[in-house]
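# A closer look at the structure
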4 protein chains.
Amino acid sequence: MDCNKDLISRLKKIEGQIRGIQKMMEDERYCVDILTQIAAVRSAITKVGILVLEKHTKGCISEAIKNDEQEEKIAELMQVLSKFLK
Amino acid sequence: MDCNKDLISRLKKIEGQIRGIQKMMEDERYCVDILTQIAAVRSAITKVGILVLEKHTKGCISEAIKNDEQEEKIAELMQVLSKFLK
Amino acid sequence: MDCNKDLISRLKKIEGQIRGIQKMMEDERYCVDILTQIAAVRSAITKVGILVLEKHTKGCISEAIKNDEQEEKIAELMQVLSKFLK
Amino acid sequence: MDCNKDLISRLKKIEGQIRGIQKMMEDERYCVDILTQIAAVRSAITKVGILVLEKHTKGCISEAIKNDEQEEKIAELMQVLSKFLK
């Protein structure tokens, strides 16, 4: 699926960013610079989460709604969503 | 520094988790399972952020406070913190 | 709608908590105690957000999906969701 | 303290916003508009949290650091911070 390719390439980029942060730590770089990179990686991962959520809503959730079986699916969706939100 | 070793090993683990999510996407696994993994990685990255913040507060911030130069350092700390919080 | 009554009573409770934090500030209470209350109010508001999101998904989103008009509604949903997530 | 006055007035404004959201629910306004207001209130509360955190770092934390008693205070700070972050 095309959207999977986009998501996988985003994850590869995040993987590289995380290796970059490891390098910054090995080089004992200034903590605030490291924190800025960590915040950027966190936002990038959150964005991937929202894209997967969109894909799921357009796919499985829509199908369940069309078959009048949405109760469980929507409850499941809210449960996973609260793992992202404090 | 010992605490750097801990942080680097946490990041290596996160790197592995991200490769795992890529594999789940290639295998077209169920979106909610993928979202659960993404939320776990996001929490792990946030934890690394808090540990770096703690290290920074004990290190640079403490030093600046002892030398009565904390104004700028604390403003900088709050600015990077707001990159984590919406 | 019953679920509205529940949401409104949650908001009334949050309103009271916020007045409580104002009182703590007037009494110059310890900052960490104030921060703990602010975090609790933030979680309570987030919970109301998730409940409204659930209501919206069961209502307008489901209807749009049944009428095959979900594209715009789902995009709108993701946009408002990213206002909660960093 | 002046900064308390600013924080209290921010909280009064948030209190008004929450009453506004209650009214929107009573009027059965569109969920996405309600969610947008909830996200705005959540950001405003987060901002108050960061300002209290800044005040605490400049006050109690600085004092503890000058008296070489920061260990416990910094651990306490990180603990309350993780109540804001997932």
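Now for a description of the structure that goes with this document. Bear in mind the structure is a predicted one, so any value in this text is a computation, not a measurement. (Residues numbered from 1 in each chain as written. Chains lettered and ligands numbered in written order. Predicted model: local features only at pLDDT ≥ 70, side-chain atom pairs only at ≥ 80, totals over all residues. Heavy atoms only, no water.)

## Thoughts on the relation of the copies chain A and chain D
Between the two copies of the chain lies a relationship made up of a rotation around an axis and a movement along it. To keep things clear, this is the line we draw: Least-squares superposition aligns the copies on the C-alpha atoms of those residues with pLDDT at or above 70 in both. Residues count as neighbours in contact if any of their non-hydrogen atoms are within 4.5 Å of one another.
The two copies are related by a screw motion: chain A maps onto chain D through a turn of 180° and a shift of 0.0 Å along the axis, at an RMSD of 0.0 Å. When the rotation and shift are considered jointly, the pair of chain copies conforms to a two-fold rotation axis. In this assembly, 100% of the residues forming the interface of chain A have copies in chain D that are likewise at the interface, indicating an isologous arrangement.

## Observations regarding helix α2 (residues 31-66) of chain B
Residues and elements named next belong to chain B. Quick note on the threshold: Secondary structure elements are taken from DSSP: a helix is a run of H or I of four residues or more, a strand is a run of E of two residues or more, and numbering for both begins at the N terminus. Expected helix span is taken as 1.5 Å per residue step, with the number of steps being one fewer than the number of residues. The angle between axes fitted to the seven-residue stretch ending at a residue and the seven-residue stretch beginning at it gives the bend at that residue.
The first and last C-alpha atoms of α2 sit 51 Å apart over 36 residues, in line with the 52 Å expected at 1.5 Å per residue. Of all bends in α2, the biggest is about 35°, found at T57. Downstream of α2 by one or two residues, D68 has phi in the positive range, about 55°.

## Here we look at the interface of chain B and chain A
Where the parts come together, the accessible area they lose is often given as the size of the interface. Heads up, the condition is: By buried area we mean the combined loss of accessible area, with a 1.4 Å probe, across both parts when two parts are placed together. The salt bridge criterion pairs a side-chain nitrogen of Lys or Arg with a carboxyl oxygen of Asp or Glu, the two atoms within 4 Å.
The interface is formed by 39 residues belonging to chain B together with 39 residues belonging to chain A. Taken together, the two surfaces of chain B and chain A that pack against each other cover about 3,900 Å², and 69% of this comes from carbon and sulfur. Contact with chain A buries surface across chain B, with B:M25, B:L35 and B:R42 losing the most and accounting together for 18% of the total. Counting every contact that joins chain B to chain A gives two salt bridges. Secondary structure elements with two or more residues in the side of chain B that touches chain A: α1 (2-26), α2 and α3 (70-81) of chain B. No other element matches the 18 residues that α2(B) contributes to the side of chain B that touches chain A.

## Some thoughts on the interface of chain A and chain D
Rules: Side-chain atoms alone can form a polar contact between residues adjacent in sequence; in general such a contact is a pair of N or O atoms within 3.5 Å, and within protein one must be able to donate a hydrogen while the other accepts it. Note on residue classes: Ala, Val, Leu, Ile, Met, Phe, Trp, Tyr, Cys and Pro are nonpolar, Asp, Glu, Lys and Arg are charged, and everything else, Gly too, is polar.
With six residues of chain A in contact, the opposing surface of chain D contributes six residues. Summed over both sides, the interface of chain A with chain D buries roughly 520 Å², with 41% coming from carbon and sulfur. In this structure, the connection of chain A to chain D is made through zero salt bridges. The tally of links between chain A and chain D comes to zero residue pairs in polar contact (both at pLDDT 80 or more). For the side of chain A that touches chain D, the per-class residue count stands at two nonpolar, one polar and three charged.

## Some words on the relation of the copies chain B and chain A
In the superposition of chain B on chain A (RMSD 0.0 Å, axial shift 0.0 Å), the rotation amounts to 180°. Both copies present the same face, since 100% of the interface residues in chain B are matched by interface residues at the equivalent positions in chain A.

## As for the pattern of salt bridges
We apply this condition: Relative accessible area decides the class of each residue, using a 1.4 Å probe on protein chains only: under 20% of the type maximum gives buried, over 50% gives exposed, and in between gives partly exposed.
Tallied over the full model, the rule gives 28 salt bridges over all chains. With a closest N to O distance of 2.9 Å, B:R19 and A:E15 form a salt bridge. Of the two residues, B:R19 is situated in helix α1 and A:E15 in helix α1 (residues 2-26); the pairing between them involves two chains. A relative accessible area of 39% means that B:R19 is categorised as partly exposed. Assessed through its relative accessible area of 8%, A:E15 is described here as buried. In the salt-bridge network here, residues are joined through shared partners; they are A:E15, A:R19, B:E15 and B:R19.

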